[in-house]
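Architecture and fold: a report
In case you want the letters, here they are:
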Amino acid sequence: ILNVEQSPQSLHVQEGDSTNFTCSFPSSNFYALHWYRWETAKSPEALFVMTLNGDEKKKGRISATLNTKEGYSYLYIKGSQPEDSATYLCASITSGTYKYIFGTGTRLKVLA
Amino acid sequence: GAGVSQSPRYKVAKRGQDVALRCDPISGHVSLFWYQQALGQGPEFLTYFQNEAQLDKSGLPSDRFFAERPEGSVSTLKIQRTQQEDSAVYLCASRGLAGVNTGELFFGEGSRLTVL
């Protein structure tokens, strides 16, 4: 994988459903992986900064895992709420650079 | 303010006009990034500053794009002779010294440019 790829591009879930999305990134020279949440008409905000293989981070109902050897990260949302509706972006940073390479994002819509 | 501030939030330009987009980062943040997000795409890197030094401008799409940060705080992205393909959201982000290269980015709300 040369670029950062996210899937799915978009999804709709019902309130209360749990969901997850994937971020795939180049595994060679990995340095860090970021997740951001971007709500409409607001600025993107950091959710997680992950650096170690096997990292698991949690913030309320949202959690993320990291596999640097195979180059993927999962973001999980448990019991989705309408306020979780946003675009979720991941960004990969390669060792020796300062560029954050972003994926195209996953647009989540939680239906009440 | 406490966050990153960008202006204008919205700009409509006629093709061929010059535009200037301003970014006011969080006070004391050393690093400043500009990103371009076209419709349906993720943010694409444009340029990076450390204090007043522009360390990387490899993402600027053409010589019509120019960025500066003369005093190491406020930054301006200038686009000359705008073209329709320049229509995008331009995001500015800053980062403090702590956690260099792994630290989270603090974004502004973006400047949405529409070129007619």
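In short, a report on the structure.

The rules behind these values
Residues numbered from 1 in each chain as written. Chains lettered and ligands numbered in written order. Predicted model: local features only at pLDDT ≥ 70, side-chain atom pairs only at ≥ 80, totals over all residues. Heavy atoms only, no water. Contact = heavy atoms within 4.5 Å. Buried area = accessible area lost by both parts, 1.4 Å probe. Salt bridge = Lys/Arg side-chain N within 4 Å of Asp/Glu carboxyl O. Polar contact = N/O pair within 3.5 Å; in protein donor to acceptor, adjacent residues only side chain to side chain. Helix = DSSP H or I, 4+ residues; strand = E, 2+ residues; numbered from the N terminus. Nonpolar A, V, L, I, M, F, W, Y, C, P; charged D, E, K, R; others polar. Buried < 20%, exposed > 50% of the residue type's maximum accessible area, 1.4 Å probe, protein only. Core = buried A, V, L, I, M, F, W, Y, C linked by side-chain atoms within 4.5 Å. Pairing = 2+ DSSP bridges. Axes fitted to C-alpha atoms, helices over the stretch in contact; angles between N-to-C directions. Phe/Tyr/Trp six-rings, centres within 6.5 Å; stacked < 30°, edge-to-face > 60°. Lys NZ or Arg CZ within 6 Å of the ring centre and 35° of its normal.

Quick word on the interface of chain A and chain B
Often the size quoted for an interface is simply the accessible area lost on bringing the parts together. Taken together, the 21 residues of chain A in the interface contact 24 residues of chain B. Each partner contributes to the roughly 1,800 Å² buried at the junction of chain A and chain B, and carbon and sulfur atoms together form 60% of this total. Across the chain A-chain B interface, the total number found is one salt bridge. With its nearest N and O atoms 3.8 Å apart, the salt bridge here joins Asp56 of chain B to Lys99 of chain A. Here chain A is connected to chain B by six residue pairs in polar contact (both at pLDDT 80 or more). Mapped by element, the contributors of at least two residues to the side of chain A that touches chain B are β4 (30-38), β5 (45-50), β9 (86-94) and β10 (100-102) of chain A. Looking at which element gives the most residues to the side of chain A that touches chain B, the answer is β4 of chain A, with five residues. Of the residues contributing to the side of chain A that touches chain B, the split by class is 13 nonpolar, six polar and two charged.

Notes on the side chain of Gln37 of chain B
Examined against the element boundaries, Gln37 of chain B turns out to sit in strand β4 (residues 31-37). A polar side-chain atom of Gln37 of chain B sits 2.7 Å from the main-chain carbonyl oxygen of Gln41 of chain B. When neighbours within four sequence positions are excluded, Gln37 of chain B is seen to be in contact with Trp38 of chain A together with Gly42, Pro43, Ala88 and Val89 of chain B.

Things to note about the pattern of salt bridges
Residue and element names in this part refer to chain B. Going through the model one piece at a time under the given rule, you end up with seven salt bridges over all chains. As a salt-bridge pair, Glu109 and Arg9 come within 2.8 Å of each other at their nearest N and O atoms. In this pair, Glu109 is assigned in the loop between β10 (106-107) and β11 (111-115) and Arg9 in the loop between β1 (5-7) and β2 (10-13), connecting sequence segments 100 residues apart. Exposure remark for Arg9: the relative accessible area of 27% places this residue in the partly exposed category. Of the charged contacts in the structure, one is a salt bridge between Asp86 and Arg64, with a shortest N-O distance of 2.8 Å. In this pair, Asp86 is assigned in the loop between β8 (75-79) and β9 (88-95) and Arg64 in the loop between β6 (53-56) and β7 (65-68), connecting sequence segments 22 residues apart. The buried category is assigned to Asp86, whose relative accessible area is 3%.

Focus: the nonpolar core
Within soluble globular proteins, side chains that are nonpolar tend to cluster in buried spots. Counting residues in hydrophobic clusters, the biggest one holds 22 residues, and the most contacted among them are Leu33, Trp35, Phe48, Leu75, Tyr88 and Leu108 of chain A. Only β2 (10-14), β3 (19-24), β4, β5, β7 (62-67), β8 (72-77), β9 and β11 (106-111) of chain A provide two or more residues apiece to this core. Filtering out sequence-adjacent residues up to four positions away, Tyr88 of chain A remains in contact with Gln6, Phe21, Trp35, Tyr36, Arg37, Leu47, Leu75, Ile77, Gly105, Thr106 and Leu108 of chain A. Counting 20 residues, the second-largest nonpolar core is a separate cluster that includes Val19, Leu21, Cys23 and Leu32 of chain B.

Concerning the sheet that holds β3 of chain A
All names here are of chain A. If you trace the five strands from one edge of the open sheet to the other, you get β1-β3-β8-β7-β6, paired in antiparallel fashion. Single-partner strands in this sheet number two, and they are β1 (5-7) and β6 (56-59). The sheet shows a mean angle of 15 degrees between the axes of neighbouring strands, taken without regard to direction. In terms of strand pairing, β1 meets β3 through three bridges, oriented antiparallel. Among the inter-strand pairings, Glu5 is bridged to a residue of β3, identified as Ser24.

A word on the pairing of β6 of chain B
Residue and element names in this part refer to chain B. Pairing analysis gives three bridges linking strand β5 (residues 44-50) to β6, with the strands arranged antiparallel. Note on β6: the bridge partner recorded for Tyr48 is Asp56. In this antiparallel pair of consecutive strands, β5 and β6, the connection spans two residues, and Asn51 shows a positive phi of 55 degrees.

Some details on the packing of aromatic side chains
In this structure the tally under the stated criterion is 13 aromatic pairs over all chains. Their ring planes at 70 degrees and their centres at 6.1 Å tell us that Tyr74 of chain A and Tyr76 of chain A sit as a pair that is edge-to-face. Residue Tyr76 of chain A is classed as partly exposed on the basis of its relative accessible area of 31%. Consider the rings of Phe33 of chain B and Tyr48 of chain B, whose centres lie 4.7 Å apart with planes at 35 degrees: the pair is tilted. Placement of Phe33 of chain B in strand β4 and of Tyr48 of chain B in strand β5 is noted, with a sequence separation of 15 residues between them. You'll find Phe33 of chain B and Tyr48 of chain B in the same group, each marked buried. Within the aromatic cluster, the residues linked to one another by ring pairs are Tyr36, Tyr100 and Phe102 of chain A together with Phe33, Tyr35, Phe45, Tyr48 and Phe107 of chain B. A cation over an aromatic ring shows up here: Lys59 of chain A above the ring of Phe48 of chain A, its NZ or CZ 6.0 Å from the ring centre.

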